[in-house]
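Chain residues, written in single-letter form:
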Amino acid sequence: MSIRKRSVGPIISKDLAHNVDAILKTIRSYLGMDVAFLAEFAGASRIFRNVSTGPDFFLLKAGDRLPLSTGYCQLVATGKLPELIRDSSALPLAAALPETSSVPIGSHLSVPVKLASGKVHGHFCCFSHRPRPDLSDRDLDLLRTFADLIAGELDVAMQLEETRNEAAERLRLALKRGDPRVVFQPIVRLADRKIVAVEALSRFDSQPVRPPDVWFAEAQSLELTKDLEFKAASIAIGQGLKLPDTISLNINLSPEALVSGEVQKLIQSFDPRRMVIEVTEHSAIEDYERILASLAPLREGGVRLAIDDVGAGYSSMRHALILQPDVLKFDMSLTRGIDADPRRQALVAALAEFARLTSTKFVAEGVETIEELNTLKALGVENAQGYYLGKPMALADVLKSLASGEAP
Ligand code: G
Ligand code: MN
C-alpha cells in the first residue's frame, strides 16, 4: 500500500468553501457591491479561492491566479492603501493601478484573513464599479468579522491537515519498517483440545508503541482501513499456506474492506473451505445488501463468515441476524470471570442455544483460566480461543505445536 502525501492545495474543505461562498454572496448583496472574493496569498501571487459576482461579470472567477503586485490587496496589506476606499480615483496610488480603470474599481474594501499564528493567509475583499461615498467603518467591521470567522475555520482545517499528515507519516514509516507483523492465535476444539483454526492478528513493532487497534483506528482516519487490512490479510494468507489442510485460517476484515470487490482476489491462493472471514463490528454496517452481495460469491465457494466480538456492542446482534454467519465469536468480556458469574453464564447459555438453533458454530474468545474454560464447556461451547489455550504466536510456533501434538 502506498500513502500519498496530500498536496498543499486549498486547505478549504468543500463545506468551508460552501460557507465562504455564502458569506461572500451575503456581503455583496448586503453592501450592494459588485464583486466579493477571498484571495489567498501564495508567494508572489494571489489565488482567488472564492469569488462572488453578479451574472454579467466575467473578469474574475474562483481559481484565478494573479500577481500580488498588480492589485489592491498587497498595497492594503502593507498599509499603503486604506482598508476602506470610498472613491479610488481620489487616491493617487489606487488610481494608478491598471485595474482601477480596466475593471473598473470605484470603491474597494479589503481586510486581512489573519491566522492564529499571526500569518496573513490572504485578504477578504469586495469592490464596486462606482465610487460609494456612503460606505462606513461599520461596513468594514462587518467584513472583518467574517474574515475572522473564516480565519478560525482555516485554523481548524490546517490543524486537522497537520494531524492527518503526521498520522500518514507514522503509518508510512511503520509499513516501511515491515509492519504489520502477523501472528496466529490457535482456536481450539474443547472436546479434544485440538487446534482447528488459527486467527491471524496484526502486531506493530514501530514507534510509537501502540496496540494494533490504535494503528487501525489511525488508518481508518486516513481512509486506509481497507489497505491496511488487505496488507495484513495477504501476509497472513502467504504464511498460512504452510498450515496443514486440517486447519482453517481466520482473517479479520471490516465492512469497508468487504465491499471493495477485491476480497476474492485477495484470498484466491487459499483453499476457500479453510478460509474464515471475521467481520469486525468497529464500524456499523450501513448497507447490509451490499455486504451480502459481496459475500455471496465467496460463500458459494466455501468461505465461511464469522461475526467477531458478539456481545460487545449493539451491531453484532444485527450482523448475526442479517448476515447469517457460519460462526459467532463471543467477545472476551462475556468470558471474563464467567465461572463466578451466573449472569454471564445465563447469557452465554442463551447465545449457545441461539447458535444451536441456527446451526451456527460458536467460539468463545479470551479464555484465560481453566475455570473459565470448564464453565464454557459445560455451557455447550465447542470451540474457544484465549491466552489459556494459546497466545498469538509466530506461524513457526503454531506449526511446531501442531507437529508435536502438544498444546502451544
Ligand atoms: O477483535 P478480535 O477479537 O479480533 O481481537 C483479538 C485481540 O484480543 C487480539 O489482539 C489478541 O491478542 C487479544 N487476545 C486474544 N486472546 C486473549 C486473551 O485471552 N486475553 C486477552 N486479554 N486478550 C486476548
Ligand atoms: Mn477477530
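The present account deals with the structure reproduced in this document. Since the structure is predicted, the reported quantities are computational estimates derived from the model, not experimental observations. (Residues numbered from 1 in each chain as written. Chains lettered and ligands numbered in written order. Predicted model: local features only at pLDDT ≥ 70, side-chain atom pairs only at ≥ 80, totals over all residues. Heavy atoms only, no water.)

**Some thoughts on the coordination of the manganese ion (ligand 2)**
Here is step 1: Within the protein, Glu199 (OE), Asn252 (OD1), Glu278 (OE) and Asp308 (OD) serve as the donor atoms for the manganese ion (ligand 2), at 2.1 to 2.5 Å.
Here is step 2: Counting along the primary sequence, the residues that act as donors to the manganese ion (ligand 2) give the motif E-x52-N-x25-E-x29-D. Note that asparagine 252 is positioned in strand S9 (residues 248-253) and aspartate 308 in strand S11 (residues 304-310), a separation of 56 residues in sequence. (Donors = N, O, S within 2.8 Å, 3.2 Å for Na, K, Ca; no water. Helix = DSSP H or I, 4+ residues; strand = E, 2+ residues; numbered from the N terminus.)

**A closer look at helix H7 (residues 225-240)**
Here is step 1: Spanning 16 residues, H7 covers 22 Å between terminal C-alpha atoms, matching the ideal 22 Å at 1.5 Å per step.
Here is step 2: Of all the residues in H7, the buried ones are Thr225, Leu228, Glu229, Phe230, Ala232, Ala233, Ala236, Ile237 and Gly240. (Expected span 1.5 Å × (residues − 1). Buried < 20%, exposed > 50% of the residue type's maximum accessible area, 1.4 Å probe, protein only.)

**Here we look at the pattern of salt bridges**
Here is step 1: Scanning the entire structure with this criterion turns up 23 salt bridges.
Here is step 2: Here aspartate 64 ties to lysine 61 by a salt bridge, and the two come within 3.1 Å at their closest N and O atoms.
Here is step 3: By relative accessible area, which is 18% here, aspartate 64 ends up buried.
Here is step 4: We classify lysine 61 as exposed; its relative accessible area is 53%.
Here is step 5: Salt-bridge contacts for arginine 336 lead to glutamate 372; the nearest nitrogen and oxygen are separated by 3.1 Å. (Salt bridge = Lys/Arg side-chain N within 4 Å of Asp/Glu carboxyl O.)

**Considering the side chain of serine 254**
Here is step 1: Locating serine 254 in the fold gives a position in the loop between S9 and helix H8 (255-258).
Here is step 2: Within the structure, the side chain of serine 254 is placed 2.8 Å from the side chain of glutamate 229, a separation counted as a polar contact.
Here is step 3: Once you skip the residues sitting within four places of it in the chain, serine 254 turns out to touch Thr225, Glu229 and Thr280. (Polar contact = N/O pair within 3.5 Å; in protein donor to acceptor, adjacent residues only side chain to side chain. Contact = heavy atoms within 4.5 Å.)

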